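Structural overview
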Amino acid sequence: MAKKKTNTESNPKKSKNDVAVGVVGSGSFATAIVKMLVENCKVVHWCVRNEYVKGAIEQRGHNPTYLTAVNFNLKNLKLTTDINELVSACDTIVLATPSIYLSDTLDKMTCDYKDKVFVSAIKGIIPKVNDVVAHYLRDEFKIGFRNQAVIAGPCHAEEVAMERLSYLTVATVEDEVSAKLVDIFNSDFIKVHSSKDILGNEYSAILKNIFAIGAGIASGLGYGDNFTAVFVSNAIREMETFLEAIYEAPRDVNESAYLGDLLVTAYSLFSRNRNLGNLIGKGYTVKSAIQSMNMVAEGYYAADSIYKTAKEKGLKLPIVDTIYGILYEEKNAEKQFKKLTAKLN
């Protein structure tokens, strides 16, 4: 008779991976990504904003500003403020800075990055080139899609910090890269799925931030859950229209990387884009609402680019048009949403 397996034998603890992986950025999502990676990697290289952040983490074992409850074993981290040091040491580099700061960060990169894999966890437009990260890396740094990946899906940093079950989608065209990323991100509280729709995942992550601002505005204006449900159902249709016009691919927008991410960003109190919209709906000016937040709401910067791209392609996106008008043309939120209600179904 075979010996009965003990719990330890049937559920062996996964050994740590020797993969050379690094994270660029020290905000909330960057910190959450480091937390995910230390579950599976012996050492995670981490390029933070400045010497103050580096010193604070080394002294206290946690980020001094974001997700401060997440404590790290410093043996698992190799901290630096020099992106060249990190890129030189790593085969896989996760970019997790706000989109508005990425060009300043990568412009300092002078080391050899050929054959490195760059993973974008950025859900915004690069203002310098008015384009998505995938195109920016390809055009400015000659990093082809075979050396790129995109992280998408409903995965708020705050819930990762609490180890609440979350789902990630890793989009990349290379099966080998996909398998590697699934292995280093998957854990008891992170479930990872793969996709080959790099641009679709990236644009959907950008669009959902714009729609979340709209959901927040509606909340601030006093609209209820019934309206928000209709708003979101129209938003996913606008997302599908935009994605098909930008890049046709076999995709199902009802999957978690598209609809799931839209839902959590539109409804969650952790959503900075929803919170920005809520302030505007309550009467804050756009400028004062942005200044009152201590984190970047990517949807604000994305709305300008997405609106203009939609116009160039002749797309009818009433929600995008409404949010753009409020954010950039100083149109009255209450009046614009009253007009929008007649266009939704």
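Residues numbered from 1 in each chain as written. Predicted model: local features only at pLDDT ≥ 70, side-chain atom pairs only at ≥ 80, totals over all residues. Heavy atoms only, no water.

1. Thoughts on the UniProt feature "active site" (unreviewed entry) in the chain
Here the UniProt-annotated "active site" (unreviewed entry) positions come out as K208. Mapped onto the fold, K208 is located in helix α9 (residues 198-221). In this structure, K208 is in contact with K123, M239, D261, L262 and T265, ignoring residues within four places of it in sequence. A distance of 3.0 Å separates the side chain of K208 from the side chain of N209, its partner in a polar contact. (UniProt positions renumbered as here; feature names shortened; annotations may be inferred. Helix = DSSP H or I, 4+ residues; strand = E, 2+ residues; numbered from the N terminus. Contact = heavy atoms within 4.5 Å. Polar contact = N/O pair within 3.5 Å; in protein donor to acceptor, adjacent residues only side chain to side chain.)

2. Some details on unusual backbone geometry
Residue K142 is not a glycine yet carries a positive backbone phi of 60°. With respect to the helices, strands and loops of the structure, K142 is situated in the loop between α6 (133-141) and β6 (148-152). For K142, a relative accessible area of 69% corresponds to the exposed category. You will see that E163, though not glycine, has its phi angle at about 60°, which is positive. (Buried < 20%, exposed > 50% of the residue type's maximum accessible area, 1.4 Å probe, protein only.)

3. Here's the deal with the packing of aromatic side chains
If you walk through the whole model with that rule in mind, you get 14 aromatic pairs. Measuring from ring centre to ring centre gives 5.5 Å for W46 and F72, while their planes differ by 70°; the resulting arrangement is edge-to-face. Pair noted here: W46 is in strand β2 (residues 44-47) and F72 is in the loop between α3 (51-60) and β3 (77-80), with a separation of 26 residues, a long-range link. A relative accessible area of 0% means that W46 is categorised as buried. Here F72 falls in the buried class, since its relative accessible area comes to 10%. With a centroid separation of 5.3 Å and 20° between ring planes, the pair formed by Y324 and Y328 is classed as stacked. Remark: Y328 and Y324 occur in helix α15 (residues 318-328); sequence separation between them is 4 residues, near one turn of the helix. Relative accessible area serves as the criterion here: at 11%, Y324 is assigned to the buried category. Through successive ring pairs, a cluster of aromatic residues spans Y300, Y301, Y307, Y324 and Y328. (Phe/Tyr/Trp six-rings, centres within 6.5 Å; stacked < 30°, edge-to-face > 60°.)

4. Notes on the layout of surface pockets
One simple way to see leftover space: roll a probe sized like a water molecule over the atoms. In this structure, the largest pocket occupies an estimated 660 Å³ of space. For the lining of the largest pocket, the elements supplying multiple residues, two or more each, are α2 (28-38), α7 (157-161), α9, α11 (256-267), α12 (272-281) and α14 (298-312). Partitioned by chemical class, the residues of the lining of the largest pocket number 19 nonpolar, 9 polar and 7 charged. When residues are assigned to domains, the lining of the largest pocket turns out to be shared by domain 1 (21-196) and domain 2 (200-342), each giving three or more. (1 Å grid on protein atoms, 1.4 Å probe; cavity = no way out; pocket = protein on both sides within 12 Å on 5 of 7 lines; lining within 4 Å. Points joined across faces, edges and corners; volume = space filled by probe spheres on them. Nonpolar A, V, L, I, M, F, W, Y, C, P; charged D, E, K, R; others polar. Domains from an automatic or database assignment.)

5. With respect to empty space enclosed by the protein
Per the stated rule, a full pass over the model turns up 1 cavity of 30 Å³ or more. When its volume is computed, the largest cavity comes out at roughly 30 Å³. Around the largest cavity, the lining residues are H45, K78, T80, E85, L86 and A89. Sort the elements by how many residues they give to the lining of the largest cavity and helix α4 (residues 83-89) lands first, with 3 residues. Along the lines of polarity and charge, the residues of the lining of the largest cavity split into 2 nonpolar, 2 polar and 2 charged.

6. Focus on the pairing of strand β8 (residues 190-195)
In this structure, strand β7 (residues 166-171) lies alongside β8, joined through 6 bridges in parallel fashion. Counted as the bridge partner of A171 is S195 from β8. A crossover connection joins β7 to the parallel β8 through helix α8 (residues 175-185); in handedness this β-α-β unit is right-handed. (Pairing = 2+ DSSP bridges. Right-handed = clockwise from strand over helix to strand, strands pointing away.)

7. Here's the deal with the domain arrangement of the chain
When its domains are assigned, the chain resolves into domain 1 (21-196) and domain 2 (200-342). When each unit is reduced to the centre of its C-alpha atoms, the spacing between domain 1 and domain 2 is 25 Å. Of the residues lining the interface, 28 residues belong to domain 1; the matching set on domain 2 comes to 24 residues. Interface area, domain 1 with domain 2, both sides summed: about 2200 Å², of which 60% is carbon and sulfur. We note a salt bridge from D261 to K123, for which the minimum N-O separation is 3.3 Å. (Buried area = accessible area lost by both parts, 1.4 Å probe. Salt bridge = Lys/Arg side-chain N within 4 Å of Asp/Glu carboxyl O.)

8. What to know about the side chain of N63
Assignment of secondary structure puts N63 in the loop between α3 and β3. The exposure class assigned to N63 is buried, which follows from its relative accessible area of 1%. When neighbours within four sequence positions are excluded, N63 is seen to be in contact with S26, G27, T31, W46, I57 and T68.

9. Remarks on the pattern of salt bridges
Scanning all chains against the criterion turns up 14 salt bridges. Across the salt bridge formed by K54 and E58, the nearest N and O atoms sit 3.0 Å from each other. Placement of the pair is K54 and E58 together in helix α3, with a separation of 4 residues, close to one helical turn. Judged by relative accessible area, which is 38%, E58 ranks as partly exposed. In this structure, K311 and D321 form a salt bridge, with 3.5 Å as the shortest nitrogen-oxygen distance. A residue pair is termed long-range when its members are at least 10 positions apart, and K311 in helix α14 and D321 in helix α15 qualify at 10 residues. A residue is classified by how much of its surface remains accessible, and D321, at 27% relative accessible area, is partly exposed. Sharing partners across several salt bridges, the network here consists of K123, K208 and D261.

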